[in-house]
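# Working through the structure, step by step
Below, each chain spelled out in residue letters.
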Amino acid sequence: MTRVKVPTGTKCFHLHGNLSRPAVLTVVDLAANWEQHRAEVTFDCATNGPQRHVFEGPLLRDVVTSAGPAFESRQRKERSRYVLAVHGGDGHGTMLSWAEIDPDFGNAPVLLATALDGRPLDDHGTQLVVPTDRCGARYVSAVTGVWLGRCEPPLPSAF
Ligand SMILES: Nc1nc2c(c(=O)[nH]1)N[C@H]1C(S)=C(S)[C@@H](COP(=O)(O)O)O[C@H]1N2
Ligand SMILES: [Mo]
C-alpha cells in the first residue's frame, strides 16, 4: 500500500476503518498501483434525467483488499458482515455492503474512478462508480473517505 506525502491542494481520500494498512491516497496513486477497468454507464438523476458517462479506474474491492481488511478472507459469512461508507467533501455520502462487491456474492464491478469521459480526475478527486445502480445517487464525487466497518447490530433490548 502506498503512503504518500500529499502536496497541499492535491485531492486525496482517507482509506480507513477495520484495516491493517490504512492509507491516504490520491487519484494518481489509484491510476498507478491497481489494474484499471472501464465502465460505460447510464444512470438516472432525479434533477437532470438520464446521464451517460465513461469511467476508468481500479475496482473498489482491489483497493480495499490491498489495505488489509480485518476479516479472514476465506470466511464468507464473516466477510458478509462488513459495510463500506464512502463520503464526499460536500457532506454527501453513501453505504455499500462488502458483499455487493465481493466475487462470491454480488460481484458488482464498483470502481474508484481515475478518469471521467477521458479526463483525469486528479484535481477533482476520485468518484465512486456503481454500474449496477439505476440511479446516480451513489456515484459520490470528490471522495474524501472510504471506511470499512463490521456491522454488529445491538441485541434487541427487552421491552
Ligand atoms: N459529492 C457528491 N457526489 C454526488 C452528488 C452530490 O450531491 N455530492 N450527487 C449524486 C447524484 S444525486 C447524481 S445523479 C450524480 C450526478 O452525476 P453527474 O453530475 O455526473 O451527472 O452524482 C452523485 N454524486
Ligand atoms: Mo441525482
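Residues numbered from 1 in each chain as written. Chains lettered and ligands numbered in written order. Predicted model: local features only at pLDDT ≥ 70, side-chain atom pairs only at ≥ 80, totals over all residues. Heavy atoms only, no water.

Within an unreviewed UniProt entry, the label attached to the chain reads Molybdopterin-binding oxidoreductase, and the organism entered is Embleya hyalina.

### Looking at the site of ligand 1
The environment of ligand 1 is formed by Phe43, Cys45, Gln51, His53, Asp90, His92, Gly136, Ala137, Tyr139, Val140 and Ser141. With respect to ligand 1, the side chain of histidine 53 contributes an N or O atom lying 3.2 Å from an oxygen atom. In the complex, the protein chains occlude 68% of the 530 Å² of accessible area that ligand 1 would expose alone. Only β3 (37-45) and β4 (49-57) provide two or more residues apiece to the shell around ligand 1. Grouping the constituent residues of the shell around ligand 1 by class yields five nonpolar, five polar and one charged. (Near = heavy atom within 4 Å. Polar contact = N/O pair within 3.5 Å; in protein donor to acceptor, adjacent residues only side chain to side chain. Areas by Shrake-Rupley, 256 points an atom, 1.4 Å probe, with all protein chains shown as cover. Helix = DSSP H or I, 4+ residues; strand = E, 2+ residues; numbered from the N terminus. Nonpolar A, V, L, I, M, F, W, Y, C, P; charged D, E, K, R; others polar.)

### Focus on the pairing of strand β5 (residues 82-88)
Counted residue by residue, β5 has six buried out of seven residues, so it is predominantly covered. The sheet contact formed by β5 and strand β11 (residues 143-150) spans seven bridges and is antiparallel. Paired with tyrosine 82 across the two strands is arginine 150, which belongs to β11. From the end of β5 to the start of strand β6 (residues 93-97), which pair antiparallel, there are four residues, and glycine 91 there has a positive phi angle of about 95°. (Buried < 20%, exposed > 50% of the residue type's maximum accessible area, 1.4 Å probe, protein only. Pairing = 2+ DSSP bridges.)

### Digging into unusual backbone geometry
Its identity as a non-glycine residue notwithstanding, asparagine 107 has a phi of 55°, on the positive side. Its location among the elements puts asparagine 107 in the loop between α4 (98-101) and β7 (111-113). Given a relative accessible area of 38%, asparagine 107 falls into the partly exposed group. With a phi angle near 50°, alanine 142 is a residue other than glycine that sits in the positive phi range. Structurally, the position occupied by alanine 142 is in the loop between β10 (127-129) and β11. For alanine 142, a relative accessible area of 22% translates into the label partly exposed.

### Observations concerning the pattern of salt bridges
Under the definition given, this model contains 11 salt bridges. Between arginine 76 and aspartate 104 there is a salt bridge, and its shortest N-O distance comes to 3.2 Å. Of the two residues, arginine 76 sits in helix α3 (residues 76-79) while aspartate 104 sits in the loop between α4 and β7, which places them 28 residues apart along the sequence. Of the charged contacts, one joins arginine 138 and aspartate 133 as a salt bridge, the two residues approaching to 2.7 Å between their closest N and O atoms. Grouping residues by exposure puts arginine 138 and aspartate 133 together as buried. (Salt bridge = Lys/Arg side-chain N within 4 Å of Asp/Glu carboxyl O.)

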